[in-house]
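# Structural overview for review
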Amino acid sequence: MINTIFKFKTFFWSLLASFSMLSAIQGSCSGLTQESAPCFFSQRLIEVKTGYFIFSNSKLRKVYNKGGLDIQLSVSYPLWNITGRWTLNAYTAVEYFQRSGRSINGHQKTSVWSVPINIGLKSVYAINANLQYYSAIGPRYLYIHQHNQSPYVYKNKSWNGLGFFVNTGLNYVLCDHFVIDIFGEYSYVKMLFHSKNPHVYTRNIQIGGFTFGGGVGYEF
């Protein structure tokens, strides 16, 4: 876990350096952006994101080959311009994740898909007219469905639960209000996985983890 958090910090600071270089190289497109968006306030934003999801639970990483593709649709809506550069936004995101793997001991096939929904608050800091840093936090609802081919557990089973999420990232605003987003996210939702066989061990498992990725959006 400590190694994963260290990688997350390294990932973020490398992103900051890359976006700072991109912001310093202003072309004709950025000139159009500054004309169309003369203030630093964030605007309504809709995004499509993709990322690589990594389970924080070590056993789930073994079963499902570490992680897989995560797809998100998110919306941000400005609520309060705190200062000339800070804006508080309402934030919501709907995600989809799917992964296949094999059980640790029996090596039977198993697959899982989930639909998490995040609702929270997002703070946005305008570094300049083109570059924004943001962070968001709030509750997370998770619906998850598992399909197994093992005779010792349910063949099809669904769960749902509540947890929380935190994410952070950088937005670079292009001309015509298009946005490039690079982000990292951590989620936590704990659920009880159990079997119909009383001799099979059951336990509470943390279903969340880390997601790193990027996306494109549009400000309006």
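Since the structure is predicted, the reported quantities are computational estimates derived from the model, not experimental observations. (Residues numbered from 1 in each chain as written. Predicted model: local features only at pLDDT ≥ 70, side-chain atom pairs only at ≥ 80, totals over all residues. Heavy atoms only, no water.)

What follows is about the overall build of the chain. In terms of helices and strands, the chain carries three helices and ten strands. The order of α-helices and β-strands along the chain, N terminus first, is α-α-β-α-β-β-β-β-β-β-β-β-β. In the chain, buried positions account for 41% of the 220 residues. Partitioning the contacts of the chain with sequence separation of at least 6, the portion at a separation of at least 24 is 64%. For the chain, the computed accessible surface area is about 11700 Å², with 64% contributed by carbon and sulfur atoms. (Helix = DSSP H or I, 4+ residues; strand = E, 2+ residues; numbered from the N terminus. Buried < 20%, exposed > 50% of the residue type's maximum accessible area, 1.4 Å probe, protein only. Contact = heavy atoms within 4.5 Å. Areas by Shrake-Rupley, 256 points an atom, 1.4 Å probe, with all protein chains shown as cover.)

Our focus in this paragraph is the nonpolar core. Ranked by size, the top nonpolar core spans 14 residues in total, and within it Phe55, Leu60, Tyr64, Ile144, Met191 and Ile207 carry the most contacts. At the level of elements, strand S1 (45-55), helix H3 (58-63) and strand S5 (131-148) are the ones that each hand at least two residues to this core. (Core = buried A, V, L, I, M, F, W, Y, C linked by side-chain atoms within 4.5 Å.)

Inspection of the entire model under this criterion finds four cavities of 30 Å³ or more. When its volume is computed, the largest cavity comes out at roughly 100 Å³. Forming the boundary of the largest cavity are 15 residues, of which Phe53, Ser114, Arg140, Leu142 and Ile207 lie nearest the centre. Counting only elements with at least two residues in the lining of the largest cavity, the list comes to S1, strand S3 (86-102), strand S4 (109-126) and S5. (1 Å grid on protein atoms, 1.4 Å probe; cavity = no way out; pocket = protein on both sides within 12 Å on 5 of 7 lines; lining within 4 Å. Points joined across faces, edges and corners; volume = space filled by probe spheres on them.)

In this section: the packing of aromatic side chains. Following the criterion strictly, the structure yields 13 aromatic pairs and no others. Between phenylalanine 53 and phenylalanine 55, the aromatic rings sit 5.0 Å apart at their centres with planes inclined by 85 degrees, giving edge-to-face as the arrangement. As far as the burial class goes, phenylalanine 53 and phenylalanine 55 line up, both buried. Counting every residue linked through ring pairs, the aromatic cluster contains Phe164, Tyr186, Tyr188, Phe210 and Phe212. (Phe/Tyr/Trp six-rings, centres within 6.5 Å; stacked < 30°, edge-to-face > 60°.)

Per-residue confidence for the chain gives a mean pLDDT of 80, with 70% of residues at or over 70. Mean pLDDT across the elements of the chain bottoms out in helix H2 (residues 28-36) (45) and peaks in strand S7 (residues 178-188) (97). In the model, residues 30-38 has pLDDT below 50 throughout and makes 13 contacts with residues more than four positions away in sequence or in other chains. (pLDDT = per-residue confidence, 0-100.)

With burial as the criterion, only one face of S1 is covered, namely that bearing Leu45, Glu47, Lys49, Gly51, Phe53 and Phe55; the residues Ile46, Val48, Thr50, Tyr52 and Ile54 on the opposite face remain uncovered. Relative to strand S2 (residues 67-81), S1 runs antiparallel, the two being bridged by ten bridges. Bridge assignment links tyrosine 52 to a residue of S2, and that residue is leucine 69. Where S1 and strand S10 (residues 209-219) come together, eleven bridges link them in antiparallel fashion. By the bridge assignment for S10, glutamate 47 is matched with glycine 217. (Pairing = 2+ DSSP bridges.)

Summarising the element assignment, aspartate 181 is placed in strand S7. At 2.9 Å, the side chain of aspartate 181 and the side chain of tyrosine 134 are in polar contact. Excluding its chain neighbours within four sequence positions, the residues that come into contact with aspartate 181 are Glu47, Lys49, Tyr134, Leu170, Asn171, Gly213, Gly214 and Gly215. (Polar contact = N/O pair within 3.5 Å; in protein donor to acceptor, adjacent residues only side chain to side chain.)

What follows concerns the pattern of salt bridges. Enumeration according to the criterion identifies three salt bridges in this entry. Here arginine 140 makes a salt bridge to glutamate 95, at a shortest N to O gap of 3.2 Å. Within this pair, whereas arginine 140 is found in strand S5, its partner glutamate 95 is found in strand S3, the two being separated by 45 residues in sequence. We classify glutamate 95 as buried; its relative accessible area is 2%. Of the charged contacts in the structure, one is a salt bridge between glutamate 185 and arginine 140, with a shortest N-O distance of 3.5 Å. (Salt bridge = Lys/Arg side-chain N within 4 Å of Asp/Glu carboxyl O.)

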